[in-house]
Amino acid sequence: MKDVIFTDVHFGLNLNNEKRLNDASACIDWIISESVDRCGLLNRCFILGDWHDNRFNIGVKTLETARLNIRKLCDAFDQVYLIAGNHDCYYNDNNEITSIGAYDEIENLHLISTEVEVLNYDSGKIALCPWGLVPKSDRYLAILGHFALSGIRQPGGISSGIDLTPNELGKNSNLIFTGHYHLSGKYSTDAGVLHSVGSPYQHNWSDCKNPKGLFIVDFDSGEYEFVVNEVSPRFVKLPYSTLAILEEEQLKQLFCKLADHFIKIQIENAYEPDRLATMANLASVCRSYEVEYGATVIGELEKSGESIDELSVKPKRQYMKDYAVKLCKLEQFGHLDDKKLINLIDEYCDKLGIK
Ligand SMILES: [Mn+2]
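Residues numbered from 1 in each chain as written. Predicted model: local features only at pLDDT ≥ 70, side-chain atom pairs only at ≥ 80, totals over all residues.

Helix and strand counts for the chain stand at 10 helices and 18 strands. Along the three orthogonal principal directions, the C-alpha set of the chain runs to about 75 × 45 × 40 Å. Counting all 355 residues of the chain, 35% fall into the buried class. In the chain, 63% of the contacts between residues at least 6 apart in sequence involve partners at least 24 apart. (Helix = DSSP H or I, 4+ residues; strand = E, 2+ residues; numbered from the N terminus. Buried ≥ 20, exposed ≤ 12 C-beta atoms within 10 Å, placed from the backbone. Contact = placed C-beta atoms within 7 Å.)

This part takes up the sheet that holds strand S18 (residues 296-299). Ordered by their spatial adjacency, four strands build an open sheet running S15-S16-S17-S18, and the pairing between neighbours is mixed. Each edge of the open sheet carries a strand with a single partner, namely strand S15 (235-239) and S18. Shown here is a sheet whose adjacent strand axes are inclined to one another by a mean of 25°, direction ignored. (Pairing = 2+ DSSP bridges. Axes fitted to C-alpha atoms, helices over the stretch in contact; angles between N-to-C directions.)

The next thing to look at is the nonpolar core. Residues Ile5, Ile47, Leu82, Ile126, Leu128, Ala142 and Leu144 are the most contacted members of the largest nonpolar core, which totals 58 residues. No other element matches helix H2 (residues 18-39), which puts five residues into this core. When sequence neighbours within four positions are dropped, the list of residues in contact with Ile47 reads Phe6, Thr7, Tyr81, Leu82 and Ile83. Listed in part, the 12 residues of the second largest apolar core include Tyr240, Ile263, Ile265 and Cys286. (Core = buried A, V, L, I, M, F, W, Y, C linked by C-beta atoms within 7 Å.)

At a minimum axis distance of 10 Å, the contact between helix H9 (residues 316-329) and helix H10 (residues 338-352) shows a crossing angle of 155°. As far as their axial angle goes, H10 and H9 are roughly antiparallel. Note on packing geometry: the crossing formed by H9 with H10 is right-handed. Contacts from Arg317, Met320, Lys321, Ala324, Val325 and Cys328 of H9 reach H10 at Asp338, Leu341, Ile342, Ile345, Asp346 and Cys349. Grouping the constituent residues of the contact of H9 with H10 by class yields eight nonpolar, no polar and four charged. (Parallel < 35°, antiparallel > 145°, perpendicular 65-115°, else oblique. Left-handed = near helix turned anticlockwise from the far one by under 90°. Nonpolar A, V, L, I, M, F, W, Y, C, P; charged D, E, K, R; others polar.)

This part is about the sheet that holds strand S6 (residues 124-129). Strand order across the open sheet formed by six strands is S5-S6-S7-S10-S12-S11, with mixed pairing between neighbours. A strand with exactly one partner marks an edge of an open sheet, and here the two such strands are strand S5 (117-121) and strand S11 (185-188). The sheet shows a mean angle of 20° between the axes of neighbouring strands, taken without regard to direction. Relative to strand S12 (residues 193-196), S11 is paired through four bridges, and the arrangement is antiparallel. Residue Ser188 lies in a different strand from S12, and its bridge partner there is Val193.

Right, let's talk about the packing of helix H6 (residues 248-257) against helix H7 (residues 273-283) for a bit. H7 packs onto H6 with a crossing angle of 35° between their chain directions and a minimal axis gap of 9 Å. The chirality of how H6 crosses H7 is right-handed. Across from Glu248, Leu251, Lys252 and Phe255 in H6, the residues of H7 making contact are Thr278, Met279, Leu282 and Ala283. Broken down by class, the residue content of the contact of H6 with H7 amounts to five nonpolar, one polar and two charged.

Before going further, it helps to spend a moment on H2. Between its terminal C-alpha atoms H2 stretches 31 Å, which fits the 32 Å expected from 22 residues at 1.5 Å a residue. For H2, every residue scored as buried is listed here: Arg20, Leu21, Asp23, Ala24, Cys27, Ile28, Ile31 and Ser35. Viewed end-on, H2 has its buried residues packed into an arc of 155°, placing them on one side of the element. The exposed residues of H2 that point more than 90 degrees off its buried face are Ser33, Val36 and Asp37. Here the buried face of H2 lies against strand S1 (3-6), helix H1 (13-16), helix H3 (60-76) and strand S13 (213-218). (Expected span 1.5 Å × (residues − 1). Arc of directions from axis to C-beta.)

The subject of this paragraph is unusual backbone geometry. In this structure, Asp50 is a non-glycine residue whose phi angle is positive, near 55°. Along the chain, the position of Asp50 falls in the loop between strand S2 (44-47) and H3. A residue is classified by how many C-beta atoms lie within 10 Å of it, and Asp50, with 26 of them, is buried. A positive phi angle, near 85°, is found at His180, a position not held by glycine. Tracing the backbone through its elements, the reader meets His180 in the loop between strand S10 (175-178) and S11.

Glancing now at the confidence of the model for the chain. Mean pLDDT over the chain works out to 92, with 96% of the residues at or above the 70 mark. Note on residues 303-313: pLDDT is under 50 here. Beyond four places in sequence and across chains, it has 15 contacts. (pLDDT = per-residue confidence, 0-100.)

Right, here's the structure in full:
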């Protein structure tokens, strides 16, 4: 019998952004349909934590969307195990209050939040560990959890300074699946492997080029596979130099193909302003597009569906810069150099301590 593992959906991502909520829902639909295609009968589904994004405040629409998606999973699978991740726990140092507690009435949903739960299979048992807990010293076919570990790749580099290591966990099992780290990746332990399952769809630019998906596992035989998500929106970086050699028609086709995705045109050094303007114009068919030049990023947030909260999260100086860039496009301010203006805004904001 095959089971399904995924993690870190983060409902409510980007301050309850509606489009991202839709992305998360569509991802759950994909997980269910992919599981049906590959497993036939759906047995157990394991969600390894961070079902919600924000540990303190969850928007009403986010909660309703997340609830509908838990329902969908509970209708599709025989049993669903929802592990509390750090984003699901209100307190830093204990799991007494969790946001997943909101779903405690669903019959075939098992909330794993304050204790490690052990499940029996024909050839052994597996351990399910919520945030902050590790399994009792014993042998398991597999350990599933939301672990903070040293030595795992994360956006800023490699995680460190944590006592728990893949090898330490590996003493109790040759097969470990962990949520928490959003980048998918495989790590060796002394006698087996640890899989950082990674978020099932790309959340932001840190996920660029990192394959996203789910695991289908047969714990009795020990066989498993990673299924890559090819359907959710991706964050795609395009170097200016590779775009500059394309004809306008080719550019148009390229951006049409990338219409569902988040696009960033990266300028490495020199560029022709007119050519860049054409590119940016053609890129506007995409879900969103940005132009990155050194540390400066100019771009369009998603065209609609942004919540006011999301807009207000932009640093104040970014509003000024966006406004300045818009001004420079007007005829009467055409003589102004937008890059100089942006530098001046930074200087001004630094002096006044404006973020
Ligand atoms: Mn997470």
